[in-house]
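This is what each chain is made of:
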Amino acid sequence: MTAVRRLALVLAAFALVGACSAPPQPPWRLVDLPVSGTRVLGFVPASSGIVMTGSVPEPAGRAPAAWFGGRSGAPWTPVPVHPATGYGRQAELTLPAASGSRLLALGSAYGGAHANPRPTIWTGSVAGGLTEHEQPVELLGGERAVTTSGSVAGPAGYVLTGQWDHRAGGVGAAVWTSADGSSWALREDPALLSTAGDQTRMLAAAGGGPGYVAVGDARAGLSVRPVAWTSADGSAWTRVSMPSPAGSATAWRVTCSASDCAAVGATSEQRLTCWQSSPSSPSWTASAGGPVIPASQLLEVTGLTLDSSGRLDVAVKVDGRPRLWRVGQRCEDFAELPLPEVAKSLALIADGPDLLLSTTTDSGSRVWHYPLPR
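To keep things clear, this report deals only with the structure shown in the data block. (Residues numbered from 1 in each chain as written. Predicted model: local features only at pLDDT ≥ 70, side-chain atom pairs only at ≥ 80, totals over all residues. Heavy atoms only, no water.)

## Structural notes on unusual backbone geometry
Keep in mind that most residues, glycine aside, have a negative phi and that most peptide bonds are trans. Positive phi, normally seen in glycine, also occurs at leucine 95, with a value near 45°. With respect to the element layout, leucine 95 can be found in strand E7 (residues 92-99). Judged by its relative accessible area of 23%, leucine 95 falls in the partly exposed class. Unusually for a residue other than glycine, cysteine 331 sits at a positive phi of about 65°. The class for cysteine 331 is buried, based on a relative accessible area of 4%. (Helix = DSSP H or I, 4+ residues; strand = E, 2+ residues; numbered from the N terminus. Buried < 20%, exposed > 50% of the residue type's maximum accessible area, 1.4 Å probe, protein only.)

In structure tokens form, the structure reads like this:
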């Protein structure tokens, strides 16, 4: 046997060993989407299934779209959309929320001389579709607008949460409520407003207990304290300070089950933080887990779902790059799930024993099922 042939056999053997010892790829399964170029920006459980919202391409840009699918891989069928304005016809549907068969979504579009955000409000049902309700520009926009970041459909109606430049207190936490989805009002509850040296921020909301739970933070100089708010009807709120496991912290996302609520955020040392609370109790407990992210790489929590095993699946961005983490409700047993592809943003929801994930890039979204480890 020549030296060249012996070398070739040795290299082939090493290649075979490497292939056999390579870690298995995660079992992501691609879901067929109805339209090429679809962007999926949110999921919500509704009517014993799941609604996903976003947009589809059209010749002038984008058009609002939503779909309903049974759990665990059932086909996706379009939910009718009924825009009422020019910005509604080009909106992408985000922040979906549901209570039974009732749906709420926020439309996101941009326009005007300065390409300012032009939010639109949509409510409806899976069967009847989502209808845009035209609102005054100053309800969510105008010179006092900051952001709208949370939505809840609850027993008393509908709630949107975010930030607003209030006449009293300046920029601070904000809540908008509606009993019917058509007529909306900004709430100026003192528990929401900023005070001198204490600026509030409401970043997410969920249905919890008899009403609503929201989370965010309050900033006083360099100190940032995690904060929660609760409300029975969306109009009157109670503000509660949340503990921090280390220094400053912010609660970014919250989710509630029938028995308790879980919130996730980050400490000032860039470590994942978890909070737990009963919907009927104003107190929270806190714990931290996972890696400490270098200060040069900003950690932001962008999505949260509670899966059927009682664990939290958390979408984050680290230095602008999406990642997917899985932890217990006290931030224990940290694990990172490899993504099926590189993406600019993620949306996720628990789907029975699986995780349903949207990965969005410049060309659109792809949706995946992943059987979660037990």
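Past the structure itself, the notes keep going.
## What about the sheet that holds strand E5 (residues 76-79)?
Here four strands make up an open sheet; going across it, the order is E2-E3-E4-E5 and the pairing antiparallel. Edge positions in the sheet fall to strand E2 (39-46) and E5, since each of these pairs with one other strand and no more. Pairs of neighbouring strands in the sheet enclose a mean axial angle of 35°, with direction left out of account. In this structure, strand E3 (residues 49-58) lies alongside strand E4 (residues 61-70), joined through ten bridges in antiparallel fashion. (Pairing = 2+ DSSP bridges. Axes fitted to C-alpha atoms, helices over the stretch in contact; angles between N-to-C directions.)

## A look at the pairing of strand E12 (residues 129-133)
Of all five residues in E12, four are buried; the element is thus mostly enclosed. Judged from the two bridges that link them, strand E6 (residues 81-82) and E12 form a sheet pairing that is parallel. Its bridge partner being in E12, valine 81 is matched across the sheet by leucine 130. With five bridges connecting them, strand E11 (residues 120-125) and E12 associate as antiparallel partners. Looking at the pairing, glycine 124 lines up with leucine 130 of E12.

## A word on the layout of surface pockets
Within this model, the second largest pocket holds a volume of roughly 210 Å³. The wall of the second largest pocket is formed by 14 residues, among which Arg219, Thr250, Ala266, Thr267 and Ser268 lie closest to the centre. Mapped onto the lining of the second largest pocket, the elements with two or more residues apiece are strand E21 (249-256) and strand E22 (261-267). The element contributing the most residues to the lining of the second largest pocket is E21, with three residues. Each residue belonging to the lining of the second largest pocket can be placed in one class, and the counts come to seven nonpolar, five polar and two charged. (1 Å grid on protein atoms, 1.4 Å probe; cavity = no way out; pocket = protein on both sides within 12 Å on 5 of 7 lines; lining within 4 Å. Points joined across faces, edges and corners; volume = space filled by probe spheres on them. Nonpolar A, V, L, I, M, F, W, Y, C, P; charged D, E, K, R; others polar.)

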